Amino acid sequence: GKTRFKKLAKMLEDIRLKKAALSLTILLFGSFGFAQHQHNAPAFSVDSVLQAEAIDKVQAAKFGALVIQDAGGRMKPANTFASELLRKVSKSDTYKSLDANQVLLSMTQNPLLWYQVPFIYLKRGNDSLRATIGIEDKKAKHATFAHFFDARGNYKLAPMLEAAYKAATPNQFQKDFIETDRKVNLLFSALEGKVMRIFPIPSDSNNKWVSLPEVPETSFIGIDSLYVNNVLPLYFSSLRQGKTTKDYTQANQLLESLKGYQQKYGADVMPSPKQIEAELLYNKYDVFRRLFSWYMYAGTLMFFVLIARMLYSKSVLRWVVNVCVVLISLLFVLHTAGLIARWYISGHAPWSDAYESMIYVAWATMGMGLAFGRKSMLTIAATAFVASMILMIAHWNWMDPEIANLVPVLDSYWLMIHVAVIVGSYGPFALGMILGIISLFLILITTKKTASKMRLHVAELTVVNELALTVGLVMLTIGNFLGGQWANESWGRYWGWDPKETWALISILVYAFVLHMRLVPGMRGKWIFSLTSVLAFGSIMMTYFGVNFYLTGLHSYASGDKVITPSFVYYSVAFVALLGIASYGKAKKYFSK
């Protein structure tokens, strides 16, 4: 824990905090007079100014389609950053009646005004955070940028952040401050204007683009220098004039000239018009976030109707089940379309990071459920519910849905082959897990009157479960061998006992044992098979989450932020233990034969 690398990492983090605080202090020093003057003004006065100065949605959308280069070098529409800004900072897709494009355009034109806008979301229940920044109302949902600085421009969160960032395992109190700090910094990046990297540098070997505030530091010469220094101010002036005259002709001409300048010097890295249009639609509909609730409603309804069908034979129940199957199938088509769209936009297979692999696992799980659905309708309902849960987890705070460029080691055709197979195997394993839970639940509710019918249902689910686990085991084994090929190409060896490799092997052994328990006397029952199919999924959770987020190894490149074990994991373990114990008596009484 006291290695030189660890010390250097902490030193770098300390320097980052100091630089951020210094930059914010310098910025606020020049504008704090305005902030202090407005500090006690009611929020509606700021909002009324925003509404009065807002450019209409059509014109703002044209600005949102302008291509920018992000800090990682990815080319994307400004609308993508605007959408991420609103969702991450304010936890909403809009601010009042302003959409993401209008908000970003307003911030770019009038950054000082946005210091007083209650835009930064505050987590519920953290009174210490509100007290630190001077908000007395414990129910306040949002704070302004100015709230986070005192009269001298000092960052109020700095004392808490120093200890929070140094902590090896931050507590919940510290995590709330870190999360809020990230929102403040993201908003600051928009207000200072440096995220709007819209100007490609002529003849730059790295295809670097810069923002207007960065132009003085860059070697633009002649007419190029004159153009980049004046086109954006002229465009904003034309927008304001167009708002008054209802004629945006000049503003549109300037925007087209800017796009022409980007094509002239940045065509090599510019996305195609169709890719830009696809990304704008992807941002607008936000398919994966919506699918969570849709899968949940359809799957839950279908599950309870199927349980009712086990007890009552009604034609209307059969009709409802068929409608649910059609709805879930349509949602799966939409899920597939979303993955294809993300693939097209990013230019690489959509399973390269934590978020993408989660939405892909949800897709694989739902696909397996539909594939086996002809044999068991309960399978479709169960997998819809599981897909919903996976998508919900994918949109928690510690996973970033942002599309990013691939890190070098992932920029390989093996990403499409190895990762697709091995991560895809998690789908049938998730199906086996949920079928095991349903089987234990059916065993638990079995009575003497329903025993014969329940034995048939449990037998059906057990067969489907074994089929799913067999498919998953084959995929995981093949994926592991393919991973060895990629490892040899990337690191010059086929196997190195890296944590990811080791846990993949452990998962293979675990599931091989589960599938061969039928050969062991005393372990052939449906209850023990169902229970172990649930418990075995823990090895998959460790292979994916444990290695990616807790252990150190060569596979940590796709991990994202370090996370602390969510409390739901402990609840899940307790739930499985209670369900297993509670169903054991019924299993021994009605399912021993």
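These lines cover the structure that appears in this document, whether it is placed above or below. (Residues numbered from 1 in each chain as written. Predicted model: local features only at pLDDT ≥ 70, side-chain atom pairs only at ≥ 80, totals over all residues. Heavy atoms only, no water.)

### Looking at helix α9 (residues 222-245)
- Here α9 is 24 residues long and its end C-alpha atoms lie 34 Å apart, about the 34 Å a rise of 1.5 Å per residue gives.
- Of all the bends found along α9, the most pronounced is centred on N230 and spans about 35°, while P233, a proline, follows it within four residues.
- Taken together, the buried positions of α9 are D224, V228, V231, L232, Y235, F236, S238, L239 and G242. (Helix = DSSP H or I, 4+ residues; strand = E, 2+ residues; numbered from the N terminus. Expected span 1.5 Å × (residues − 1). Bend = angle between axes of the 7 residues up to and from the residue. Buried < 20%, exposed > 50% of the residue type's maximum accessible area, 1.4 Å probe, protein only.)

### A short note on the packing of helix α14 (residues 354-372) against helix α17 (residues 426-444)
- At their nearest, the axes of α14 and α17 sit 7 Å apart, and the two run at 65° to each other. The element α14 and its partner α17 pack so that their crossing is right-handed. Across from V361, A364, T365, M368, G369 and F372 in α14, the residues of α17 making contact are Y426, G427, P428, A430 and L431.
- When grouped by side-chain class, the residues that make up the contact of α14 with α17 number eight nonpolar, three polar and no charged. (Axes fitted to C-alpha atoms, helices over the stretch in contact; angles between N-to-C directions. Left-handed = near helix turned anticlockwise from the far one by under 90°. Contact = heavy atoms within 4.5 Å. Nonpolar A, V, L, I, M, F, W, Y, C, P; charged D, E, K, R; others polar.)

### Regarding the side chain of T379
- Looking at where T379 falls in the secondary structure, it is placed in helix α15 (residues 377-394).
- Judged by its relative accessible area of 0%, T379 is buried.
- Non-local contacts of T379, meaning those with residues more than four positions away in its chain, are made with G369, F372, L431, L435 and V464.

### Some details on the packing of helix α11 (residues 273-285) against helix α13 (residues 315-346)
- Across the interface, α11 lies against α13 with an axial gap of 9 Å and an inter-helix angle of 135°. Between α11 and α13, the angle is such that the two are oblique. As for the relative orientation of α11 and α13, their crossing is left-handed in sense. Two secondary-structure elements touch here, α11 through K274, Q275, A278, E279 and Y282 and α13 through G338, A341, R342, Y344 and I345.
- Residue composition of the contact of α11 with α13, grouped by class: five nonpolar, two polar and three charged. (Parallel < 35°, antiparallel > 145°, perpendicular 65-115°, else oblique.)

Purely geometric stuff here, so don't read any function into it on its own.
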